[in-house]
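Summary of the model geometry
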Amino acid sequence: MMTNLKKRKFGLNSLSLAVTVALAGSAMSTAAMAEDEEVAENVEKIAVVGSRAAPRSVGESPVPVDIISSDDLRKNGSTDMIDMLVTSVPSFNSRAQPISDAATLVRPVNLRGLPSDSTLILVNGKRRHRASVIAFQGGGINDGAQGPDISVIPSIALKQVEVLRDGAAAQYGSDAIAGVMNFQLKDSAEGGSISISQGEYYEGDGATTTIDGNIGLPLTDAGFVNISAQYKTADATSRSVQRPDAGNLIAQGNTYVNDPAQVWGNPEINDDYTVFVNAGFDLNDNHRIYAFGNVSSREAIGGFYYRNPHNRGNVYSVDGGENLLVGAVNGDQSTCAPVPIPKNADGSDGNVLDTAAYQAMVADANCFSMNQVRPGGYTPQFAGTIEDMSFFAGIEGEFGEWMYDASAGTGSNKSSFSLYNSLNPSLGLAANPEDTQTDFDTGAYEQVETTVNLDFSRYFTIGSIEDISFATGFEWREESFEITQGEEASWIAGPYADQGFNIGSHGFKGFGPEAAGKNDRSNIGIYADVEAYLTDDWLLGVALRYEDFSTFGDTLNYKISTQYSFTDYWSMRASHSTGFRAPTVGQENVVNTQTSIVNGDLIQTFIAPPTDPLAAFYGGEVLEPEESINYAIGTVFEYDDFFLTVDYYNIEVTGRIAQSSQIAVEPEDYDDLRDAGVEFPELISAVTYYTNDFDTTTQGIDIVGSYETELMSGDTMFSLAYGWTDTSVDKFDPETTDEGKVRRLEDGIPAHRATLTWGQTWDDISVSLRGNYFGEYYATHADDTSDWGSETADSAVTVDLEVSYTMFDQLTLSVGANNLFDQEAQELKDGTQGVLGAVYYESGPFDYNGGYYYGKLSYIF
């Protein structure tokens, strides 16, 4: 960093660092503390986000900011950045995604009860691009969200993470309704580390291996290059039970059914690697160039729903399982005799494969059914490859009294999808049924964003008010969302579509030529930000931002923040702001087919752009930006080694963008839909699209506290992070949103969450013990919000423990466990476990896989 750039000086103290350690809930090992001592003293005490003035300590910030160091993040058995942050930030949540289409590949998150695309993600202070994945089954709050993929950012690459828990659209632009997360990359020019960790669940599955490393290199005496890399693999997990229908088929002699027929669990992750590079070079005392970027990739394979070989609609039957769906090669189904499904005395199905009617159908070359290629039914596997890259470069410095920062960058995220063990029933069977295609390349999504920034700042003195910070700047941004066509067999309507057979690869239809294409949008933003101490104790800031989008017009937003120090130890702070979130290009144009479960039954849902003829017929309209009003008030108390912040927030969002509920496609509408250009409407059970129909109010309280002392002849840290979140849906359209979806928005995450941590460090040994409390929440399974598939889940407590021992000064061995006492997730209520093939609700706030133990070996040089 340049040493001559003019910066306001602040009296920093160890209290900020205390918060850093408290939030992550750990004590650093001796070797790690030695390596990071200078960083801890000079960097981790201050935050960049939340103010356009010079960085300041978290206690002096007029808005709540959490600062979490890299070492704190790594005191966790998980190597996923999302899981690390969940245990560190009081109002940050995420849920598992076992069978959730593309959301299985990129897990959505939420901050302060709002979806993932309501939190702006920065890396080194620059806007991070979105993921290409849209969370079609995002657990209520995140249904339809398209946020960045922060899981590609490895903790080994980070110096610290700054979490601004306050609306900041007037400062940073679209998406900053809930807050801002800034990932600061390491910038050391020397030293480094390498580690290897391995762990698995108590159940004996989900084995995960992670190897990562970091090295800092000098770029002559005036610069640095810091390189970080991580490689990871993870086995799948299964928390499944055999479905009764599948078990009955096995009992009736069908030997083609798997046990379990359907798997609920984490996906298998292969070849998950990421490389981050951060570099800077001082041209002279007044100007500096910098660059950073990443290349990342991973492959994931997850499960889907089981297709019963007797009754799966438009594959095996069209009358609910009374008869098999039989196709006729000559096009005349009347030439093929019906094949009834045999029934036992208790009403259960017999084995249709043994019936004379089925054997006669197989012997007739003119007739066929899907049972000939998948006699035991089938469970498709959904696979995806996520490729992510970014590159930013810029120059910063000063001209006289003015400081400047000019930068440009681009980022892309591409998701390529495949479906295994499926069928395109409308294509019928190959001459040899065993040669029928069952694996499909279904196409890809790609999100690309390019950003150009030019920022200026300086200090003024007006009258008796000194050091008035003034900042202004310009941003130009372009984003595009592209759908790549899948292979023909994955989307084509084959010759048997008009006989009632499903079109496209079943479970995830490939993207056809009508869906393929690229859509883009550009916008410009101009902002001004003023901040000053009106007295020695009173800080006041005002920000104003104007943005103009090429697709829907402009918006003007403001923010006012203030902090007043009553004593050296106690201050009050408050903020008020307006904000907005522009609908993403993906949300405006995405096309997909998903399988949902309602009242225990699978239905095929078509996701259409809101202006598509099908969506428009059922009420779809052009999307508009969300608008928000944010109020917050809080207090900060810091005395010696004690630190406490309490903050209340209230966020009103109007025109909230979300995915509608499934709207049934009625038979009486078929003719009108055909006239509107919709092909084969009789094969579409329901449609869903994006809409602005919600108005919500989210309020909450965040409490963060820490106390540092000496106990048992060592350094001790106690910390508490508590969050209360409450969301109410003020308005919705009952024609596009059902009551179950509303309840998921209001109660889908625990209203109360708390983390209490004890961190203890001796010369060579450190211990981190963390208790996590999760309050009651509305539990659903597989997005089924009916009374059949949901209930209020009980509160729960999990305990995490890690012990580290430093050997030879530079080598540290750590062992630990997440969910040490194997606290079970909420079990599905009676009558639903078998039907769903699962044991636990997967919408819970903590890992339903149970306890996880691990070991890690780290070497610092």
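Conventions we followed
Residues numbered from 1 in each chain as written. Predicted model: local features only at pLDDT ≥ 70, side-chain atom pairs only at ≥ 80, totals over all residues. Heavy atoms only, no water. Core = buried A, V, L, I, M, F, W, Y, C linked by side-chain atoms within 4.5 Å. Buried < 20%, exposed > 50% of the residue type's maximum accessible area, 1.4 Å probe, protein only. Helix = DSSP H or I, 4+ residues; strand = E, 2+ residues; numbered from the N terminus. Pairing = 2+ DSSP bridges. Disulfide = S-S within 2.5 Å. Patch = residues over 30% accessible without salt bridge, like charges linked within 9 Å, V, L, I, M, F, W, Y side chains within 5 Å. Areas by Shrake-Rupley, 256 points an atom, 1.4 Å probe, with all protein chains shown as cover. Salt bridge = Lys/Arg side-chain N within 4 Å of Asp/Glu carboxyl O. Lys, Arg positive; Asp, Glu negative; His and termini not counted. Charge placed at Lys NZ, Arg CZ, Asp CG, Glu CD. Arc of directions from axis to C-beta. Contact = heavy atoms within 4.5 Å. Phe/Tyr/Trp six-rings, centres within 6.5 Å; stacked < 30°, edge-to-face > 60°. pLDDT = per-residue confidence, 0-100.

On to the nonpolar core. As a rule of thumb, nonpolar side chains are buried together in soluble globular proteins. If you look at the biggest cluster of nonpolar residues, it comprises 40 residues, and the most contacted ones within it are Tyr-445, Val-590 and Leu-614. Elements represented by at least two residues in this core include exactly β17 (381-399), β18 (402-420), β20 (465-484), β26 (601-607), α9 (613-617) and α10 (670-675). Leu-85, Val-123, Val-152 and Val-653 belong to the second-largest nonpolar core, a separate cluster that totals 34 residues.

Below, the discussion takes up the sheet that holds strand β9 (residues 179-185). Taking strand neighbours across the sheet as the criterion, the five strands line up as β3-β8-β9-β6-β7 in an open arrangement whose pairing is mixed. At either margin of the open sheet sits one strand with a lone partner, and together these are β3 (65-69) and β7 (126-127). Relative to strand β8 (residues 158-164), β3 runs antiparallel, the two sharing five bridges. Across the sheet, the residue bridging to Ser-69 is Gln-160, located in β8.

Once that is clear, we can look at the state of the cysteines. Tallied over the full model, the rule gives one disulfide. Across the disulfide, Cys-336 is cross-linked to Cys-367 (sulfur-sulfur distance 2.0 Å). Between Cys-336 and Cys-367 the disulfide shows an S-S torsion of about -100°. By sign, it is left-handed. With Cys-336 in the loop between β15 (327-328) and α7 (356-363) and Cys-367 in strand β16 (residues 367-368), this residue pair connects regions lying 31 residues apart in the sequence.

A contiguous patch of negative charge, built from Asp-640, Asp-641, Glu-708, Glu-710 and Asp-715, is present on the exposed surface. Relative accessible area serves as the criterion here: at 54%, Asp-640 is assigned to the exposed category.

Listing the buried residues of helix α6 (residues 244-251) in full gives Ala-246, Asn-248 and Leu-249. All buried residues of α6 lie within an arc of 160° about the axis, which places them on one face of the element. Just downstream of α6 lies Gly-253, where phi reads positive at about 105°.

In this section: the environment of Thr-761. Positionally, Thr-761 belongs in strand β33 (residues 752-761). Take Thr-761: its relative accessible area is 9%, and that puts it in the buried class. Taking the C-alpha atoms as reference points, Thr-761 and Ser-713, separated by 48 residues in sequence, lie 9.1 Å from one another.

The next point concerns helix α11 (residues 739-747). Considered for burial, the residues of α11 that qualify are Gly-740, Lys-741, Val-742, Arg-744 and Leu-745. Elements in contact with the buried residues of α11: β28 (642-659), β31 (690-711), β32 (714-731) and β35 (777-780).

What follows concerns the packing of aromatic side chains. For the structure on display, the rule yields 30 aromatic pairs. Centre to centre, the rings of Phe-292 and Phe-392 are 5.6 Å apart; their planes meet at 5°, and the pair counts as stacked. Of the two residues, Phe-292 sits in strand β14 (residues 287-303) while Phe-392 sits in strand β17, which places them 100 residues apart along the sequence. Here Phe-617 and Tyr-618 contribute two aromatic rings whose centre-to-centre distance is 4.9 Å and whose plane-to-plane angle is 80°, an arrangement assigned as edge-to-face.

Glancing now at the pairing of strand β37 (residues 796-807). Pairing geometry for strand β34 (residues 765-774) and β37, over ten bridges, is antiparallel. Residue pairing across strands places Phe-774 opposite Ala-796, the latter belonging to β37. Pairing of β37 with strand β38 (residues 811-818) involves seven bridges; the strand directions are antiparallel. Residue Leu-801 lies in a different strand from β38, and its bridge partner there is Ala-817. Count of turn residues in the β37/β38 antiparallel hairpin: three residues, of which Phe-808 carries a positive phi of about 55°.

A few words now on the confidence of the model for the chain. Summarising the model, the chain shows a mean pLDDT of 88, and 91% of its residues fall at 70 or more. Per-residue pLDDT stays below 50 along residues 1-45; that stretch engages in 130 contacts with residues further than four places along the chain or on separate chains.

Oppositely charged side chains can pair when the atoms bearing their charge come close. Summed over all chains, the structure comprises 27 salt bridges. Close ionic contact of Arg-521 with Glu-479 constitutes a salt bridge, the shortest N to O distance being 2.7 Å. One end of the pair, Arg-521, is in strand β21 (residues 517-533); the other, Glu-479, is in strand β20, with 42 residues separating them in the sequence. It is possible to trace a salt-bridge network through shared partners that takes in Arg-127, Arg-130, Asp-175, Arg-477, Glu-479, Arg-521 and Glu-588.

Now for the side chain of Ser-628. Secondary-structure assignment places Ser-628 in strand β27 (residues 626-639). Not counting residues within four places of it along the chain, the set of residues in contact with Ser-628 comprises Ile-177, Ser-577, Thr-578, Gly-579, Phe-580, Glu-652 and Val-653.

On to the environment of Gly-714. Relative to the assigned elements, Gly-714 resides in strand β32. By relative accessible area, which is 7% here, Gly-714 ends up buried. Along the backbone, Gly-714 and Gln-760 are 46 residues apart, and their C-alpha atoms lie at a distance of 6.7 Å. Not counting residues within four places of it along the chain, the set of residues in contact with Gly-714 comprises Thr-709, Gln-760, Thr-761 and Trp-762.

Strand β24 (residues 570-581) sits mainly inside the fold: nine of its twelve residues count as buried. Judged from the seven bridges that link them, strand β23 (residues 553-565) and β24 form a sheet pairing that is antiparallel. Each bridged residue has a counterpart across the sheet, and for Lys-559 the counterpart in β24 is Ser-577. Linking β23 back to β24 in an antiparallel pair, the connection comprises four residues.

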